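Chain residues, written in single-letter form:
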Amino acid sequence: MRNLFMALTVGTLSLSASAYAQSTTVVVPGEVRTYVLEQQAPSVVYEGDVVFGEPIPDTVELHSIQGHGDYAYVVLNDRRVLVNPQTRAVIQVLE
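Reading the values: rules and limits
Residues numbered from 1 in each chain as written. Predicted model: local features only at pLDDT ≥ 70, side-chain atom pairs only at ≥ 80, totals over all residues. Heavy atoms only, no water. Helix = DSSP H or I, 4+ residues; strand = E, 2+ residues; numbered from the N terminus. Buried < 20%, exposed > 50% of the residue type's maximum accessible area, 1.4 Å probe, protein only. Pairing = 2+ DSSP bridges. Lys, Arg positive; Asp, Glu negative; His and termini not counted. Salt bridge = Lys/Arg side-chain N within 4 Å of Asp/Glu carboxyl O. Polar contact = N/O pair within 3.5 Å; in protein donor to acceptor, adjacent residues only side chain to side chain. Contact = heavy atoms within 4.5 Å. pLDDT = per-residue confidence, 0-100.

**Some words on unusual backbone geometry**
Positioned with a positive phi, Asn 77 is a non-glycine residue whose angle comes to about 50°. Within the secondary structure, Asn 77 is located in the loop between strand 2 (72-76) and strand 3 (79-83). Since its relative accessible area comes to 37%, Asn 77 is described here as partly exposed.

**Focus on the sheet that holds strand 3**
Ordered in space as 1-2-3-4, the 4 strands form an open sheet in which the pairing is antiparallel. Looking at strand neighbours, the two that pair on one side only are strand 1 (63-64) and strand 4 (90-94), the edges of this open sheet. The sheet contact formed by strand 1 and strand 2 spans 2 bridges and is antiparallel. Note on strand 2: the bridge partner recorded for Ser 64 is Ala 72.

**A short note on the side chain of Arg 80**
By the element assignment, Arg 80 lies in strand 3. Of the buried charged residues, Arg 80 lacks a salt bridge, with Asp 78 as the closest side chain of opposite charge at 7.9 Å. Engagement of the side chain of Arg 80 in a polar contact is seen with the backbone oxygen of Val 36, the distance being 3.0 Å. Sequence-distant contacts of Arg 80, defined by excluding residues within four places in its chain, comprise Val 36, Leu 37, Gln 39, Val 74, Val 75, Gln 92, Val 93 and Leu 94.

**Notes on the pairing of strand 4**
Bridge count between strand 3 and strand 4: 4 bridges; the pairing is antiparallel. Paired with Val 83 across the two strands is Val 90, which belongs to strand 4.

**A short note on the pairing of strand 2**
Taken across its 5 residues, strand 2 has 5 buried, putting it largely inside the fold. Two elements, strand 2 and strand 3, share 5 bridges in a ladder whose sense is antiparallel. Within strand 3, the position partnered with Val 75 by the bridge is Arg 80. Connecting strand 2 to the next strand, strand 3, in antiparallel fashion are 2 residues, including Asn 77 with a positive phi near 50°.

**A short note on the confidence of the model for the protein chain**
Of the residues in the protein chain, 75% have a pLDDT of 70 or more, and the chain-wide mean is 81. Confidence over residues 4-23 falls short of pLDDT 50; this stretch has 1 contact with residues more than four positions distant or in other chains.

Spelled out as structure tokens, the structure:
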């Protein structure tokens, strides 16, 4: 009985983890990605982790993407980060 309970618990946790991982996947239009990767914006020194869904502080200037009002970007510690300009939440780190 104990082994069955453990197996069910592990299975449930595995499914939950994969569902969470899928919910953090964002499909960014190719032209947005290309535009951000081609820009020569200065890098901002940022202390802390860049985490999906977490907002970038108001003290960091975001750069708009012409024709794509749903996206902005910033370069943090030499890493290009896509951000939702309304919420300042991290959408994706481009590598």
